[in-house]
Amino acid sequence: MQKIKPLDHAILILGALFLCLPVVMALMSSTQAAIDIHSNGLYITPGSEGAATYGKVLTQRGGFTGDVTGLLMLTNSMIMGLGFAVGKIVLSMMAAYALVYFRFRFATLMFWAIFATLLLPLEVRIMPSYQVMSELHLLNTYTGLIVPLLASATGTFFFRQFFRSVPDELLEAARIDGAGPVKFFIDVLVPLSKTMMSAIFIIMFIYGWNQYLWPLLMTTDESFFTLMRGIKSILQVWVGSQIPDYNEAFALAVLAMVPPVAVVVIFQRMFIKGLTESDK
Amino acid sequence: MTDTPLTLAQTDGRALARLRRWWSGETANPVKRVQFDRPLTPWMFLLPQLAVVAIFFYWPSVQAVTSSFYLEDPFGFGATFVGLDNYTDALTSRGYLSTASFTAFFCVVVTALSLGIGLLLAVKADKVIRGAETYKTLLISVYAIAPPVAGLIGMMFFDMHMGPFTEIAAWFGHDLRVGIDYWDTASALIVISVWKQIPYNFIFFLSGLQSVPVSVREAALIDARSGWRRFRDITLPLLAPTAFFLLVINITYTMFDTFPIIDVIVKDKPANNPMTLVYKVYLDGFKGNDIGGSSAQSVILMVVVAALTVLQFRFLERRVHYG
């Protein structure tokens, strides 16, 4: 095999440091007192204020009207991530099933109608989307937070590719056994897609958890704030304060990044599979 | 892998055939040899997705296009049809043009840096044996961090009182003032955006590298002694499809997904700060209440993204068929 030079390791170590050091320093600094951070800069060693800071961030009410705690934001982020991932899988599996396994009028038209959504990310149509949501009275609801984000064909595309690779013989056998379309879907296709479903679940959970712009626009009521929305308000409170609560901001950042990072690290293999095979 | 370019007539013929197929019951290329033949069941399965797409995608998209032709009263008293005025206003305003050129510059720099570093790390991670898994985990883990969190952490690193980068800049005699100085803010945005995107590129390049067959690698080892030549003549061409795919993804990432990073660093204060076109759509629409202008900018962006996506699609289809 090829020779391995120390330089290769040096580059990798440098890269890993560049990527991970900021995260480690955020974690460590979140356990220090705000005043120490203010005078000494960021830390790479743990401090003694951790329990107090996290306790405060998680349970004390903050923000403008004093309604929201870190725990509530954590719950909302979780609802958002899980709701989005589950919704996405259900909707896109059903749609992909119809597109792959049925012969029907306008099938091609429907295919393009759904896949055209890949053309335009939410960011370019935020203003009109906001208007539609307010006309439908969906501002400050979980439905409004989750459902509009489902209007993109990423998952459908992924499942369509997967269903195409399922051998035709399965359907033939099922039909001989007298299984109808619903039975075939639930008893054959869904169990067969388990691995794929988990892979896509991981990707979609992270995507839903990490949403920023949409919650920012959809929620003015603090009881619907997600952690990402909380970051925005902590920054707004910041302007004008003498010694900003660096430690609390870092604690919030840590809370917001631990679940998705943990998911990626624990399910690494599955995550890479989902990512590289679905092409986003 | 040879690909003869289509003539215009051929493309037209294809489009016509496709149109004809839309109206008949036939699917473009039957995806399955056997299919269910029921008139209603497929619609039952399609309905939820179609409903969501119609309400939350087509309705707002159509509204964006229509309101781009109107001048809306800021207090909600009706709207006047102004034709293409919103477009000409946007395209001729100095603010828009400088934002557009910054966006282009930002795209080029972020894409080049994150692709370059991602590729370098992937090549090295593919080569080493000792500690390979650890490196991989460390390099991938940052992927899951949300852009606003990246922005927040980055903001601390560039903080004027205690940011490490500010101190490093001070050693070199530079007074780093992120949020105040245009190019200081731009550099901070670039560093944070690149940092966030490296893991994504790393994952794709590494999986691209690892799908190169062992036989090809061994043949390459015999044929080309120098590592650099092996990389240039064999690895790089094999990675070209991945690289092209990533190129498009990275451009769309820089244009759209960096929104939270910019929002955290710039904090609604556009005064003398760089921003991207998407951020301007948001500022003009929500902070400036210029709905018509914001919609016109949206439509311009839609055209750009649609072009990018079509490019990516053509490529995806190719990779699916011949890859």
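- Taking an unreviewed UniProt entry as the reference, chain B is identified by name as sn-glycerol-3-phosphate transport system permease protein UgpA belonging to Salipiger mucosus DSM 16094.
- Chain B has a UniProt comment under Subunit (unreviewed entry) that states "The complex is composed of two ATP-binding proteins (UgpC), two transmembrane proteins (UgpA and UgpE) and a solute-binding protein (UgpB)."
- Its UniProt record gives chain B the following Sequence similarities (unreviewed entry) comment, quoted word for word: "Belongs to the binding-protein-dependent transport system permease family."

- As annotated in an unreviewed UniProt entry, chain A is sn-glycerol-3-phosphate transport system permease protein UgpE from Salipiger mucosus DSM 16094.
- The UniProt entry for chain A carries the following text under Sequence similarities (unreviewed entry): "Belongs to the binding-protein-dependent transport system permease family."

Concerning the overall build of chain B
Okay, so step 1: Summing up its helical and strand segments, chain B has 13 helices and two strands in all.
Okay, so step 2: Split into buried and exposed, the 323 residues of chain B put 39% on the buried side.
Okay, so step 3: Restricting to contacts in chain B with at least 6 residues of sequence separation, those with at least 24 account for 68%.

Remarks on the overall build of chain A
Okay, so step 1: A tally of regular secondary structure across chain A gives 15 helices and zero strands.
Okay, so step 2: Across its three principal directions, the C-alpha atoms of chain A cover 75 × 65 × 30 Å.
Okay, so step 3: Residue burial in chain A is summarised as follows: out of 280 residues, 51% are buried.
Okay, so step 4: A fraction of 72% describes how many contacts in chain A between residues 6 or more apart in sequence connect residues 24 or more apart.

Looking at the UniProt feature "transmembrane region" (unreviewed entry) in chain B
Okay, so step 1: Those places that UniProt annotates as "transmembrane region" (unreviewed entry) correspond, in this numbering, to residues 40–59, 102–123, 135–158, 236–256 and 296–316 of chain B.
Okay, so step 2: Helix makes up 95% of residues 40–59 of chain B and strand 0%, whereas the separation of the span's terminal C-alpha atoms amounts to 25 Å.

What about the UniProt feature "transmembrane region" (unreviewed entry) in chain A?
Residues and elements named next belong to chain A.
Okay, so step 1: UniProt records the feature "transmembrane region" (unreviewed entry) at residues 78–99, 106–122, 142–163, 184–209 and 249–272, using the numbering of this structure.
Okay, so step 2: The distance from the first to the last C-alpha atom of residues 78–99 is 31 Å, and the span holds 100% helix and 0% strand.
Okay, so step 3: Note that residues 184–209 is 96% helix and 0% strand, and that its end C-alpha atoms are spaced 33 Å apart.

What to know about unusual backbone geometry
All names here are of chain A.
Okay, so step 1: At Phe106, a residue that is not glycine, the phi angle is positive and equals roughly 65°.
Okay, so step 2: Counting through the fold element by element, Phe106 comes out in the loop between helix 4 (70–101) and helix 5 (107–115).
Okay, so step 3: Phe106 sits in the partly exposed class, given 15 other C-beta atoms within 10 Å.
Okay, so step 4: Unlike most non-glycine residues, Asn140 shows phi in positive territory, near 60°.
Okay, so step 5: With respect to the element layout, Asn140 can be found in the loop between helix 6 (126–135) and helix 7 (142–146).

Regarding the confidence of the model for chain A
Okay, so step 1: When pLDDT is averaged across chain A, the result is 86; 94% of the residues are at 70 or more.
Okay, so step 2: The least confident element of chain A is helix 15 (residues 268–278) of chain A, whose mean pLDDT is 78; the most confident is helix 4 of chain A, at 94.

Regarding the packing of helix 6 (residues 147–157) of chain B against helix 11 (residues 259–266) of chain B
Residue and element names in this part refer to chain B.
Okay, so step 1: It is the contact of helix 6 with helix 11, at a shortest axis distance of 7 Å, that shows an interaxial angle of 35°. As helix 6 runs across helix 11, the sense of the crossing is right-handed. Residue-level contacts link Pro147, Pro148, Ala150, Gly151, Leu152 and Met155 of helix 6 to Pro260, Ile261, Val264 and Ile265 of helix 11.
Okay, so step 2: The class makeup of the residues in the contact of helix 6 with helix 11 is nine nonpolar, one polar and no charged.

What about the packing of helix 4 of chain A against helix 11 (residues 194–209) of chain A?
Residue and element names in this part refer to chain A.
Okay, so step 1: Orientation of helix 4 relative to helix 11, taken along the N-to-C sense of each, is 140°, at an axis distance of 8 Å. Here helix 4 is positioned oblique relative to helix 11, judged by the angle of their axes. As for the relative orientation of helix 4 and helix 11, their crossing is right-handed in sense. Residues Ser77, Met80, Gly81, Leu82, Phe84, Ala85, Lys88 and Ile89 of helix 4 form the contact with helix 11, whose own contacting residues are Met197, Ile200, Phe201, Met204, Phe205, Tyr207, Gly208 and Trp209.
Okay, so step 2: Residue composition of the contact of helix 4 with helix 11, grouped by class: twelve nonpolar, three polar and one charged.

Cut-off values and rules
- Residues numbered from 1 in each chain as written.
- Chains lettered and ligands numbered in written order.
- Predicted model: local features only at pLDDT ≥ 70, side-chain atom pairs only at ≥ 80, totals over all residues.
- UniProt positions renumbered as here; feature names shortened; annotations may be inferred.
- Helix = DSSP H or I, 4+ residues; strand = E, 2+ residues; numbered from the N terminus.
- Buried ≥ 20, exposed ≤ 12 C-beta atoms within 10 Å, placed from the backbone.
- Contact = placed C-beta atoms within 7 Å.
- pLDDT = per-residue confidence, 0-100.
- Axes fitted to C-alpha atoms, helices over the stretch in contact; angles between N-to-C directions.
- Left-handed = near helix turned anticlockwise from the far one by under 90°.
- Nonpolar A, V, L, I, M, F, W, Y, C, P; charged D, E, K, R; others polar.
- Parallel < 35°, antiparallel > 145°, perpendicular 65-115°, else oblique.

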